[in-house]
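Topology and contacts: notes
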Amino acid sequence: MRGVSSKSEQFTESVIRGMTRLCEQHGGINLAQGFPDFPAPAEIKAAAKRAIDDDFNQYAVTWGVRAFREAIADKVQRYNGIACNPETDVTVTCGSTEAMIAALLAVVNPGDEIVIFEPFYENYGPDAVISGATPVYVSLRPPEFTFDPAELRAACSRRTKAIIVNTPHNPSGHVVDRRELETIAALCSEYDCIAITDEIYEYILYDGRQHVSLASLPGMRERTITIGGLSKTYSITGWRLAYAVASSDLTAAIRKMHDFLTVGAPHPLQQAGVQALRLPDTYYRQLAAGYAERRTVLADALKGVGFRIYPPQGAYYIIADISDLLARLGLRDDVEFCNWLVSEIGVAAVPGSSFYRQAELGRNLVRFAFCKRIETLREAARRLTRLPRVQPVSSGDGTVAR
Ligand code: PLP
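Position labels on residues start from 1 in each chain and follow its written sequence. Given that this is a predicted model, residues contribute local features only at a pLDDT of at least 70 and side-chain atom pairs are listed and counted only at 80 or more, while totals for whole chains, interfaces and linings are drawn from all residues. Hydrogens are left out, water is left out, and the side-chain values use all remaining heavy atoms of the structure.

**Quick notes on the overall build of the chain**
Looking only at helices and strands, one finds 13 helices and 13 strands in the chain. As defined in this context, the radius of gyration uses C-alpha atoms, and a globule is described by 2.2 Å times the residue total to the power 0.38. Taken over the C-alpha trace, the chain has a radius of gyration of 21 Å; the compact-globule value for 402 residues is 21 Å, and the two agree within 12%. For the chain, the spread of C-alpha atoms along the three principal axes comes to 60 × 50 × 50 Å. The rule is simple: take the accessible area with a 1.4 Å probe, protein chains only, and divide by the maximum for that residue type; under 20% is buried, over 50% is exposed, in between is partly exposed. Expressed as a percentage of the 402 residues in the chain, the buried residues total 59%. Every residue pair with non-hydrogen atoms within 4.5 Å of one another is taken to be in contact. In the chain, 76% of the contacts between residues at least 6 apart in sequence involve partners at least 24 apart. With residues, only the protein chains shown are counted as cover, and all accessible areas are computed by Shrake-Rupley using a 1.4 Å probe. With an accessible surface of roughly 16500 Å², the chain has 51% of that area assigned to carbon and sulfur atoms. Only DSSP runs of H or I covering at least 4 residues are called helices, and only runs of E covering at least 2 are called strands; the numbering of each starts at the N terminus.

So this is what it looks like as structure tokens:
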């Protein structure tokens, strides 16, 4: 069509958000998109209301309200182990979504490559197109969803500008451990490139796992743009609050991109964000414990009706293998399966292929989100029992061992 850019033709609308619309049409339970259906903490909602009443209603300084940047810098030093100056190293953005594209626009030149691990959070593909970077994909292989260091090395070259690292990982739930981060750090140094980390699920961890930030490794502070956000930690995905932390040089470039993309994140919500970052440690422990319980409810429901699942180590998604179900239902692939599941059973999930550049790799997979009330998950479980019965899964308990 005349008038439409070639960039806009290189990607489709979000499969995940499209599935949410389909779910609404069918009155389904939305286990597709990763937003909670339970309330945000009362104290931060009250703080947002107060901030509006107190007339924090005009533009804030483009890179973020000072008190919010100070709270972020404090948290990043304490929790992530990254030295951070709130005056020069922090940019507050409209969600991690904006932080990622602002970061890429700040560092990518024509001809630059960026390394993306696949399966990947679906925004990274369009982010590469928009920023003009050439994506180079490296596989995360089930059941562990870890990478082969040799494959990562082969993907790196003098053209590599950045390696994108998402931990805990969406969709697999893999928590990237220190050894894997050391491999990435060594390659960043060898190829003189940077890392951009997406750590939005940093507090949602299971079975005693610890979050490690790449920027806290020796030599990586200057080479890493660390993205964190409030959407998932405080169940406020609609507030659009996040930040990028980086060296002052990188931050200066990110701030320019951010300024001309959005001017700034919502001012009253940044004021309330200060309260959020001041919540006590018990809040974060309860958050993780609540998600551990939800993980069990959904995992048991899925295994009980014949899905083979890859139990997540962090984040709030479960990847399930549908090979047996496809055969039993006479369906062709993940997309047909998800359409059938939402229209016939009333539960929405995301087709696995939307997390891969090579769609075939995800044809037998679907992703379920469990950031929902226990009652919602139990109702989804009840609906799922209407699936035709499949043979007991071959691995015994329905879990693919990691
Ligand atoms: N990064 C990952 C890995 C995600 O899963 C999501 C949302 O699902 C986002 C970023 C979006 O975050 P935000 O709401 O901060 O834009």
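**Here's the deal with the site of the ligand**
One heavy atom within 4 Å of a molecule or strand is enough for the residue carrying it to be called near that molecule or strand. As a matter of local geometry, the ligand sits amid 13 residues, with S96, T97, D198, Y201 and R240 nearest to it. Pairs of N or O atoms within 3.5 Å make up the polar contacts considered here, provided that, within protein, one atom can donate a hydrogen while the other can accept it, and that residues adjacent in sequence are counted only when both atoms are side-chain atoms. Interatomic distance of 2.6 Å between a backbone N/O atom of S96 and an oxygen atom of the ligand. Here an oxygen atom of the ligand and a side-chain polar atom of N170 are 2.7 Å apart. With three residues, helix α4 (residues 95–107) is the single largest residue contributor to the shell around the ligand. Classification used: nonpolar for Ala, Val, Leu, Ile, Met, Phe, Trp, Tyr, Cys and Pro, charged for Asp, Glu, Lys and Arg, polar for all others including Gly. Of the residues assigned to the shell around the ligand, the class counts are four nonpolar, six polar and three charged.

**Quick notes on the pattern of salt bridges**
Each salt bridge in this description consists of a side-chain nitrogen of Lys or Arg and a carboxyl oxygen of Asp or Glu lying within 4 Å of one another. Overall, the coordinates contain 22 salt bridges when judged by the stated rule. For E87, the salt bridge is made with R66, and the minimal N-O distance between the two is 3.7 Å. Taken together, the positions of E87 in the loop between α3 (66–79) and β2 (90–93) and R66 in helix α3 put the pair 21 residues apart, joining distant regions of the chain. By relative accessible area, R66 is classed as partly exposed at 49%. The partner of R221 in a salt bridge is E222, with the nearest N and O atoms 2.6 Å apart.

**A look at the sheet that holds strand β4 (residues 134–139)**
Two strands make a pair as long as DSSP finds a minimum of two bridges between them. Taken in spatial order, the seven strands of this open sheet run β2-β8-β7-β6-β5-β3-β4, and their pairing is mixed. Since the sheet does not close on itself, it has two edges, and those belong to β2 and β4, each with one partner. Put simply, the sheet's adjacent strands are angled 20° from each other on average, direction ignored. Alignment of strand β7 (residues 224–229) against strand β8 (residues 242–245), held across four bridges, turns out to be antiparallel. The residue bridging T226 from the neighbouring strand is V245, located in β8. Sheet strands touched by helix α7 (residues 178–190): β3 (113–118), β5 (160–166) and β6 (194–198). Its angle to β5, the strand with the most contacts, is close to 165°. Here an axis means a line fitted to C-alpha atoms, over the contact stretch when the element is a helix, while the angle between two N-to-C directions is reported on a 0 to 180 degree scale.

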